[in-house]
Amino acid sequence: DTGVSQDPRHKITKRGQNVTFRCDPISEHNRLYWYRQTLGQGPEFLTYFQNEAQLEKSRLLSDRFSAERPKGSFSTLEIQRTEQGDSAMYLCASSSLFQGRGEQYFGPGTRLTVT
Amino acid sequence: AQSVTQLGSHVSVSEGALVLLRCNYSSSVPPYLFWYVQYPNQGLQLLLKYTSAATLVKGINGFEAEFKKSETSFHLTKPSAHMSDAAEYFCAVSDINQGGKLIFGQGTELSVKP
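Here the structure is a predicted model, which is why all the values come from computation and not from measurement. Counting from 1, residues in each chain are numbered in the order their sequence is written. Chains and ligands are labelled sequentially in the order written, the chains with letters from A and the ligands with numbers from 1. Owing to the predicted nature of the model, reporting of local features is limited to residues with pLDDT of at least 70; listing and counting of side-chain atom pairs is limited to 80 or more, with chain, interface and lining totals taken over all residues. No hydrogens and no water enter the side-chain calculation; it runs on all heavy atoms of the structure.

*Asks:* So what's going on with the overall build of chain A? Residues and values would help.
*Replies:* When helices and strands are counted, chain A shows 0 helices and 11 strands. Going from N to C terminus, chain A has its helices and strands arranged as β-β-β-β-β-β-β-β-β-β-β. Against the 2.2 N^0.38 benchmark of 13 Å for 115 residues, chain A shows a C-alpha radius of gyration of 13 Å, consistent with a compact globule. Judged by the C-alpha coordinates and their principal axes, chain A covers about 40 × 25 × 20 Å. The proportion of buried residues among the 115 residues of chain A is 47%. By the criteria applied, helices consist of DSSP H or I runs no shorter than four residues and strands consist of E runs no shorter than two, each listed in order from the N terminus. Note on method: radius of gyration uses C-alpha positions; expected globular size equals 2.2 Å times residues raised to 0.38. Throughout, exposure labels follow a simple rule: accessible area from a 1.4 Å probe, protein chains only, divided by the maximum for the residue type, with under 20% read as buried, over 50% as exposed, and the rest as partly exposed.

Spelled out as C-alpha cells, the structure:
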C-alpha cells in the first residue's frame with residue numbers, strides 16, 4: 001500500500017491557461033474524492049467517483065472544471081481558462097466501500113498558483 | 001444538511017499541558033465523525049473516527065475524542081501536548097449513505113509552547 005499520490009505537487013500558471021492534475025488512489029479503493037482548500041479554510045468537497053462513475057458534483061465545480069476517472073483507477077481534474085480565484089490546494093482522497101467505515105485517505109495535494 | 005463548527009481558530013498550550021479542541025456538528029442522520037491533522041504543505045492524516053460504535057474513540061499519537069449526542073459534540077483531547085503536535089486540526093462529518101463526502105470545519109491551529 002503506497003498511499004494516495006498526486007501529481008504535480010506544485011503548479012504555477014498564468015491566468016487563462018488550462019491545467020490538469022492527476023490522482024492515483026490506494027489500489028483497492030473504489031471511491032475517489034476531490035476537495036479544494038484555500039488558505040486558512042477547511043477542505044471543500046468538489047466531486048466524487050465510485051469506480052468510473054462520477055456520482056456527485058458540488059456547485060463549486062463550475063463548467064470550467066472537469067474530472068474523469070477512466071477505468072476506475074486514477075483520476076484527473078482539469079481546470080480550463082484558469083482564474084486567480086482558482087489558486088488553492090487541490091486534495092484527492094480515496095476510500096473503500098467495502099472495508100473500514102468510510103474513512104478517507106488523502107494525498108499530499110497539488111498547490112495551484114494562478115498569476 | 002450537515003455542518004461542523006470548530007470553536008477557536010487558534011489554540012495555544014504549553015508542552016505537557018492538556019489539549020482540548022472543540023467540535024460541534026449538525027446532522028439529520030446518525031453521523032460519522034472524523035478528526036484529521038494537517039502539517040504545513042501536506043495532505044490530511046486521519047487521527048480517529050466515530051462510526052456509531054464506542055462513544056470514546058482512541059486515535060493515533062495519544063489523541064482521543066468522545067461522541068456526545070446530547071451535546072452534538074465530538075471534542076478532541078490529548079492529556080499531554082508534545083511539540084510535534086503543533087499543526088492544523090480539522091473535524092469532519094459525513095453521511096455514509098450519501099456518498100461519504102466529508103464536510104469539514106474551518107480548522108483549529110494548535111501551537112505548543114516549550
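Read on for the rest.
*Asks:* Go over the state of the cysteines with me, naming the residues and quoting the values.
*Replies:* The bond known as a disulfide is covalent and runs between the sulfur atoms of two cysteines. Residues and elements named next belong to chain B. Working definition: a disulfide is two cysteine sulfur atoms within 2.5 Å of each other. By the definition in use, this model includes 2 disulfides over all chains. Shown here is the disulfide that connects Cys 23 with Cys 91, its sulfur atoms set 2.0 Å apart. The S-S bond linking Cys 23 to Cys 91 shows a torsion near -60°; that makes this disulfide left-handed. Placement of Cys 23 in strand β3 (residues 19-26) and of Cys 91 in strand β9 (residues 87-94) is noted, with a sequence separation of 68 residues between them. With a relative accessible area of 0%, Cys 91 lands in the buried category.

*Asks:* Could you give me a rundown of the sheet that holds strand β7 (residues 65-68) of chain A, with the residues and numbers involved?
*Replies:* Residue and element names in this part refer to chain A. Pairing between two strands is assigned when DSSP locates at least 2 bridges connecting them. Taken together, 4 strands build an open sheet; the order of strands is β1-β3-β8-β7 and the sheet is antiparallel. The two strands at the open ends of the sheet, each matched to only one other strand, are β1 (5-7) and β7. Along the sheet, successive strands turn relative to each other by an average axial angle of 15°, direction set aside. Inspection of the sheet shows β1 paired to strand β3 (residues 19-24) by 3 bridges, in the antiparallel sense. Bridging from a neighbouring strand, Ser 5 pairs with Asp 24 of β3. Axis lines are fitted through C-alpha atoms, for helices just across the contact stretch, and the angle between N-to-C directions can take any value from 0 to 180 degrees.

*Asks:* Any details on the pairing of strand β4 (residues 32-38) of chain B? Residues and values, ideally.
*Replies:* For a regular strand, the rule is simple: side chains alternate between the two faces of the sheet. Residue and element names in this part refer to chain B. In terms of burial, β4 is largely enclosed, as 7 of its 7 residues are buried. Judged by which residues are buried, β4 turns out to be covered on both faces: Tyr 32, Phe 34, Tyr 36 and Gln 38 on one side and Leu 33, Trp 35 and Val 37 on the other are all buried. By the bridge criterion, 6 bridges tie β4 to strand β5 (residues 44-50) in an arrangement that is antiparallel. Bridged to Trp 35 within β5 is Leu 48. The turn linking β4 back onto β5 is made up of 5 residues, and Asn 41 within it adopts a positive phi angle of 60°.

*Asks:* Can you lay out the packing of aromatic side chains for me, pointing to particular residues and giving the numbers?
*Replies:* Between the rings of Phe, Tyr and Trp (Trp by its six-membered ring), a pair exists once the centres lie within 6.5 Å; its type follows the angle of the planes, with under 30 degrees stacked, over 60 edge-to-face, and the other angles tilted. Summed over all chains, the structure comprises 16 aromatic pairs over all chains. Ring geometry for A:Tyr35 against A:Phe106: centres 5.5 Å apart, planes inclined by 40°, an arrangement best described as tilted. Separated by 71 residues along the polypeptide, A:Tyr35 in strand β4 (residues 31-37) and A:Phe106 in strand β10 (residues 105-106) bring together distant segments of the chain. Across the pair, A:Phe106 and A:Tyr35 agree in class, each one buried. Seen from their ring centres, A:Phe106 and B:Phe104 are 6.2 Å apart, and the 70° between their planes marks the pair as edge-to-face. Separated into two different chains, A:Phe106 in strand β10 and B:Phe104 in strand β10 (residues 102-104) make up a pair that spans both. Exposure class is identical for A:Phe106 and B:Phe104. Each is buried. One aromatic cluster in this structure is built from A:Tyr33, A:Tyr35, A:Phe45, A:Tyr48, A:Phe106, B:Phe34, B:Tyr36, B:Phe90 and B:Phe104. Charge over a ring is defined by NZ of Lys or CZ of Arg lying within 6 Å of the ring centre and within 35 degrees of the ring normal. The ring of A:Phe74 is capped by A:Arg22, whose NZ or CZ atom sits 3.9 Å from the centre of that ring.

*Asks:* Could you give me a rundown of the pattern of salt bridges, with the residues and numbers involved?
*Replies:* What counts as a salt bridge is simple: a side-chain nitrogen of Lys or Arg found within 4 Å of a carboxyl oxygen of Asp or Glu. Using the criterion set out here, one finds 7 salt bridges over all chains in the structure. Between A:Arg64 and A:Glu83 there is a salt bridge, and its shortest N-O distance comes to 3.4 Å. Note that A:Arg64 is positioned in the loop between β6 (53-57) and β7 and A:Glu83 in the loop between β8 (75-79) and β9 (88-95), a separation of 19 residues in sequence. With a relative accessible area of 10%, A:Arg64 lands in the buried category. Assessed through its relative accessible area of 40%, A:Glu83 is described here as partly exposed. The partner of B:Lys49 in a salt bridge is A:Glu103, with the nearest N and O atoms 2.7 Å apart. With B:Lys49 in strand β5 and A:Glu103 in the loop between β9 and β10, the pair connects residues from two separate chains. Given the relative accessible area of 26%, B:Lys49 is considered partly exposed. Taken together, the salt bridges that share partners define one network made up of A:Arg64, A:Glu83 and A:Asp86.

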